[in-house]
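# A structural walkthrough
One letter stands for each residue in the lines below.
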Amino acid sequence: MSENKDILVYCEAAGGKLTSMATELLGAGSRLAPASGGELSAVLIGSDVSGPAQEAIAYGARKVYVVEDPYLKDYATEPYLVVLEKVIRQAAPEIILLGQTAAGRDLAPWLAFHLNTGATMDCTALEIDPARKRLLMTRPVYGGNAQAVQVCETDPQIATVRNKAVAPLAKDSARQGQVIKVMAGIDPAAIKTRVIERKVEAAAGVKLEEARVVVSGGRGIGSAAGFKQLEEIAAILKGAVGATRPPCDKKWIADTQQIGLTGKVVSPDLYIAVGLSGASQHLSGFSSAKTIVAINKDPEANIFKVAHYGIVADWKAILPAFTAKLKEVAG
Ligand SMILES: Cc1cc2nc3c(=O)[nH]c(=O)nc-3n(C[C@H](O)[C@H](O)[C@H](O)COP(=O)(O)OP(=O)(O)OC[C@H]3O[C@@H](n4cnc5c(N)ncnc54)[C@H](O)[C@@H]3O)c2cc1C
């Protein structure tokens, strides 16, 4: 077991600011640090991350490792893995937290392999076992039907955390911390992959992962035109539209909106599931939603086992009146 009790958070930044996921991870780390007996550190990697470094301090980091290099402008597995591993070996933390984001899902298993330890993915709660001082990592299993609490017996203990699972601390610009610059030292010749082109996802409205309300459609929606009706409801509720896999495969909606095992994980306050059966691969993508409302014409549909409110009906008969009422209430 490690002598060092520090917690290191891998922070992602976009547009010169920390992502909301990064602020949540810093919140998680700040609450764990007193119980673990260590300090909270953060690491930022990119071509211009000095601004987010100060923000990380304001959100609770006592030390921020900054690795800046033009070569690190865009995320790519190999260079990011090389520099992150370098920082970890320098900082020697006992616990490493990453977001359950595209980069976090990519880096955590690689890190675990390189550091000869384990990675626990998609955690929804973290605490320190008071007796053994090990990290207790709670994660949904069996498509969200059960919660497993896992312990990693080797150091460093690595966890990825689901978005919206933990609240950030209030930002306080008076917090003091140390910024430690680390040379990237990347040998471009050793990197076997390169980014040829980046296509930025055109995100109109609220981002799916951050939405407080998700209106999700399944195969039962039947067409791209059907999804337009879900978009209308999402717009009124200031939410985002999600989908099961079949509508994405059929191109009724973009692949980026798929929720589930091989799609995105969301944690909204309200999840409205329309014309979808509730397959375990889909349920695993929103098992931490606070309130689930299901509309399905089959009373035996599995979605009704997890829904808090259910309507057994053809959605085409329900949504027009529902939309009209929402518009009326929204003024
Ligand atoms: C390895 C693997 C990974 C997968 N990953 C994912 C994933 O990430 N996300 C995902 O979603 N799926 C995933 N799947 C697919 C998953 O197993 C299911 O096939 C899929 O979720 C089913 O989608 P659905 O509920 O829309 O369709 P169906 O199961 O066909 O359900 C359609 C539902 O619509 C209802 N319906 C039909 N018409 C109406 C109407 N007019 N009004 C009201 N209700 C109506 C029906 O009663 C039915 O319950 C994965 C599968 C595998 C094998």
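The coordinates are above.
Our subject in this report is the structure included herewith.

The seven strands lie next to each other as β7-β11-β6-β1-β4-β5-β12, forming an open sheet whose pairing is parallel. At either end of the open sheet lies a strand with only one pairing partner, and these are β7 (119–123) and β12 (178–181). On average, each strand axis in the sheet is inclined to that of its neighbour by 20°, with strand direction left out of account. Summarising the sheet, strand β1 (residues 7–11) and strand β6 (residues 95–99) pair through three bridges and their orientation is parallel.

On to the packing of aromatic side chains, then. The tally for this structure, following the rule as stated, stands at two aromatic pairs. Between Y271 and F286, the aromatic rings sit 3.8 Å apart at their centres with planes inclined by 5°, giving stacked as the arrangement. Highlighted residues: Y271 in strand β15 (residues 270–274) and F286 in the loop between α7 (280–283) and β16 (291–296), separated in sequence by 15 residues. A relative accessible area of 1% means that F286 is categorised as buried.

Our focus in this paragraph is the site of the ligand. Around the ligand sit 24 residues, and of these R219, T244, T262, S277 and N296 come closest. Note that an oxygen atom of the ligand is positioned 3.0 Å from one of the backbone N or O atoms of R245. A distance of 2.8 Å is found between an oxygen atom of the ligand and a side-chain nitrogen or oxygen belonging to Q258. If the ligand stood free it would expose 980 Å²; the protein chains cover 76% of that surface. Assessed atom by atom at 2 Å from the grid points, the ligand resides in the second largest pocket. Classifying every residue of the shell around the ligand by side-chain character gives seven nonpolar, twelve polar and five charged.

The next point concerns unusual backbone geometry. Backbone torsion omega between D155 and P156 reads -5°, so that peptide bond is classified as cis. By secondary structure assignment, the location of P156 is in the loop between β10 (146–150) and β11 (157–161). The phi torsion at N116 lies on the positive side, around 60°, for a residue other than glycine. Relative to the helices and strands, N116 resides in the loop between α4 (102–114) and β7. Its relative accessible area of 66% is what places N116 among the exposed residues.

How each quantity is defined
In this numbering scheme, every chain counts its residues from 1 along its sequence in written order. Local features are withheld for residues below a pLDDT of 70 in this predicted model, meaning they are given only at 70 or higher, and side-chain atom pairs are given and counted only at 80 or more; totals for whole chains, interfaces and linings count all residues. In computing side-chain properties, one takes all heavy atoms of the structure into account and sets aside hydrogens as well as water. Two strands pair if DSSP finds at least two bridges between them. Numbering of helices and strands starts at the N terminus; helices are DSSP runs of H or I of at least 4 residues and strands are runs of E of at least 2. The convention used is that axes are lines fitted to C-alpha atoms, helices contributing only their stretch in contact, and that angles between N-to-C directions extend from 0 to 180 degrees. Centre distance within 6.5 Å is the pairing criterion for rings of Phe, Tyr and Trp, where only the six-membered ring of Trp is used; planes under 30 degrees apart are then read as stacked, over 60 as edge-to-face, and the remainder as tilted. Partly exposed residues are those whose accessible area sits between 20% and 50% of the maximum for their type, while under 20% is buried and over 50% is exposed, using a 1.4 Å probe and protein chains only. Distances are taken per atom, and a residue is near a molecule or strand as soon as one of its heavy atoms is within 4 Å of it. Definition of a polar contact: a pair of N or O atoms within 3.5 Å, with one able to donate and the other able to accept a hydrogen when the atoms are protein atoms, and with sequence-neighbouring residues admitted only if both atoms are side-chain atoms. The Shrake-Rupley method, run with a 1.4 Å probe, gives the accessible areas here. Residue values count only the displayed protein chains as cover. Note on definitions: the grid is 1 Å and covers protein atoms alone; a cavity is a set of points where a 1.4 Å probe fits but cannot get out; a pocket is an open set with protein on both sides within 12 Å along at least five of seven lines; lining residues have an atom within 4 Å of a point. Criterion for pocket placement: a molecule counts as inside a cavity or pocket if more than half of its atoms are within 2 Å of its grid points. In the scheme used here, Gly and all other residues not listed as nonpolar or charged are polar, with Ala, Val, Leu, Ile, Met, Phe, Trp, Tyr, Cys and Pro taken as nonpolar and Asp, Glu, Lys and Arg as charged.

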